[in-house]
Amino acid sequence: MEESLILKGLRNILVERLKEKGIKDANVLNAIAKVQRHLFIPKGFEKQAYEDRPFSIAGGQTISQPFTVAIQTELLQMQRFDKILEIGTGSGYQAVILAEMGANVHTIERLQELYLGARRIFRQLGYSINSYWGDGYEGKESFAPFKKILITAAIPQIPQKLLDQLAVGGRLVAPVGEGNTQVMTIIDRISENEFNTSRYNDLFRFVPMLKGTF
Ligand code: SAH
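Quick caveat, the model's predicted, so the values are computed rather than measured.

The rules behind these values
As a convention, each chain's residues are numbered from 1 in the sequence order in which they are written. This being a predicted model, a pLDDT of at least 70 is required before a residue's local features are given, and a value of 80 or more before pairs of side-chain atoms are given or counted; all residues contribute to the totals for chains, interfaces and linings. To get the side-chain values, all heavy atoms of the structure are used, and hydrogens and water are removed first. Salt bridges are defined by distance alone: a side-chain nitrogen of Lys or Arg within 4 Å of a carboxyl oxygen of Asp or Glu. Numbering goes from the N terminus for both helices and strands, where a helix is a DSSP run of H or I of at least four residues and a strand is a run of E of at least two. A simple rule labels every residue: compare its accessible area, found with a 1.4 Å probe on the protein chains alone, to the largest value its type can have, and call it buried under 20%, exposed over 50%, or partly exposed in between. Proximity is defined per residue: any heavy atom of the residue falling within 4 Å of a molecule or strand makes that residue near it. For this analysis, a polar contact is any N or O atom pair within 3.5 Å, provided that within protein one partner can donate a hydrogen and the other can accept it, and provided that sequence-adjacent residues contribute only side-chain to side-chain pairs. Areas reported as accessible are Shrake-Rupley estimates using a 1.4 Å probe. Residue values count occlusion only from the protein chains shown. Each pair of strands is called paired provided DSSP finds at least two bridges between the two strands. The axes used here are C-alpha line fits, helices contributing only the stretch in contact, and every angle between their N-to-C directions lies in the interval 0 to 180 degrees. Should any heavy atoms of two residues lie within 4.5 Å, those residues are counted as being in contact.

Colleague: Give a description of the pattern of salt bridges that names residues and reports values.
Modeller: Applying the stated criterion to the full structure yields eight salt bridges. Residue Glu 138 pairs with Lys 161 through a salt bridge whose shortest N-O separation is 2.5 Å. With Glu 138 in the loop between β5 (130-133) and β6 (146-151) and Lys 161 in helix α6 (residues 160-164), this residue pair connects regions lying 23 residues apart in the sequence. By relative accessible area, Glu 138 is classed as partly exposed at 41%.

Colleague: Account for the site of the ligand, with residues named and values stated.
Modeller: Among the 26 residues in the neighbourhood of the ligand, the closest are listed as Gly 88, Ser 91, Glu 109, Gly 136 and Leu 210. Here an oxygen atom of the ligand sits 3.1 Å away from a polar atom, N or O, in the main chain of Gln 94. With respect to the ligand, the side chain of Thr 152 contributes an N or O atom lying 3.1 Å from a nitrogen atom. Protein contacts shield 99% of the accessible area of the ligand, which totals 580 Å² for the unbound molecule. Within the residue set of the shell around the ligand, elements represented by two or more residues are β2 (62-63), α4 (93-100) and β4 (104-109).

Colleague: Could you give me a rundown of unusual backbone geometry, with the residues and numbers involved?
Modeller: Here Ala 144 and Pro 145 are connected by a cis peptide whose omega angle stands at 5°. For Pro 145, the position within the fold is in the loop between β5 and β6. You will see that Gln 77, though not glycine, has its phi angle at about 50°, which is positive. For Gln 77, the position within the fold is in the loop between α3 (66-76) and β3 (83-87).

Colleague: Tell me about α4, residues and numbers included.
Modeller: Of all eight residues in α4, seven are buried; the element is thus mostly enclosed. Just downstream of α4 lies Gly 102, where phi reads positive at about 90°.

Colleague: Quick rundown of α3? Include the residues and the values.
Modeller: The buried fraction of α3 amounts to 11 of the 11 residues, a majority that puts the element mostly inside the structure. Those residues of α3 that sit buried are Pro 66, Phe 67, Thr 68, Val 69, Ala 70, Ile 71, Gln 72, Thr 73, Glu 74, Leu 75 and Leu 76. Positive phi shows up at Gln 77, right after α3, with a value of about 50°.

Colleague: Lay out the sheet that holds strand β7 (residues 166-176) with the relevant residues and their values.
Modeller: The strand order across the open sheet formed by seven strands is β5-β4-β3-β6-β7-β8-β9, and the pairing between neighbours is mixed. Two strands lie at the open edges of the sheet, namely β5 and β9 (195-204), each paired on one side alone. Direction aside, neighbouring strands of the sheet carry axes that sit 15° apart on average. For strand β8 (residues 182-189) and β9, the ladder comprises eight bridges, and the chain directions are antiparallel. Pairing of Gln 182 across the sheet is with Phe 204, part of β9. Of the strands in this sheet, β3, β4 and β6 are in contact with α4, which crosses β4 at around 170°. Strand contacts of helix α5 (residues 112-125): β4 and β5, with the helix running at about 165° to β5, the strand carrying the most contacts.

Colleague: Residue-level account of the environment of Ala 99, with values.
Modeller: By the element assignment, Ala 99 lies in helix α4. When its relative accessible area of 16% is taken as the criterion, Ala 99 is described as buried. Spatially, the C-alpha atom of Ala 99 lies 9.9 Å from that of Phe 122, the residues being 23 residues apart in sequence. Leave out the neighbours within four places in its chain, and Ala 99 touches Val 105, Tyr 127 and Ile 129.

Colleague: Give me the environment of Glu 141: which residues, what numbers.
Modeller: By secondary structure assignment, the location of Glu 141 is in the loop between β5 and β6. A relative accessible area of 59% places Glu 141 in the exposed class. For the pair Glu 141 and Gln 165, spaced 24 residues apart in the sequence, the C-alpha separation amounts to 6.7 Å.

Spelled out as structure tokens, the structure:
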């Protein structure tokens, strides 16, 4: 069988696995069925790309496991045309999933090597994603407010600057924790000064969110 058909088959199996694990949002599942995750991880691991597990990428970083991408995206309750700020572009896979769902994606990465790699793949695949080399702790003031903010690195607490850049009626999703596991935390901005916090009851393990660019 042709390689690309085999990989398509593996993607469909992955989608079934994610459904079994509780992912319900059809738009999330469709995006995962479509986006070729193997293009975002090192060459030679095309088949393993569709196992539900994380992978090492450049700069000592990781592309999150598909379940983590799926649950974060589902928790965001993405709507078409939502303006979203992603912090931690990494491989670019999560950003492409969001773009595939029709979001207006802005994404920040602190490691120049990963920023450049992600830009290359966005262009190659034809996605118009706004990507920046910068420190996510600063957010992206010039494009605020964002309907959604997604943090894909572990953070001890949510910086005020990011809360300020969240639209009223908007939602932020982030893995929050001091140790080596984090709790997926959801913050809804109810009004100018009111925020409502809830949690998803699984533990996650993300690479840490670090200050400054490199
Ligand atoms: N969303 C990524 C997974 C990212 S792993 C994907 O789909 O592949 C977390 C990423 O956050 C790493 O690439 C890391 O370099 C980046 N990161 C860590 N601290 C950051 C910061 N302060 N600002 C921007 N990116 C940061």
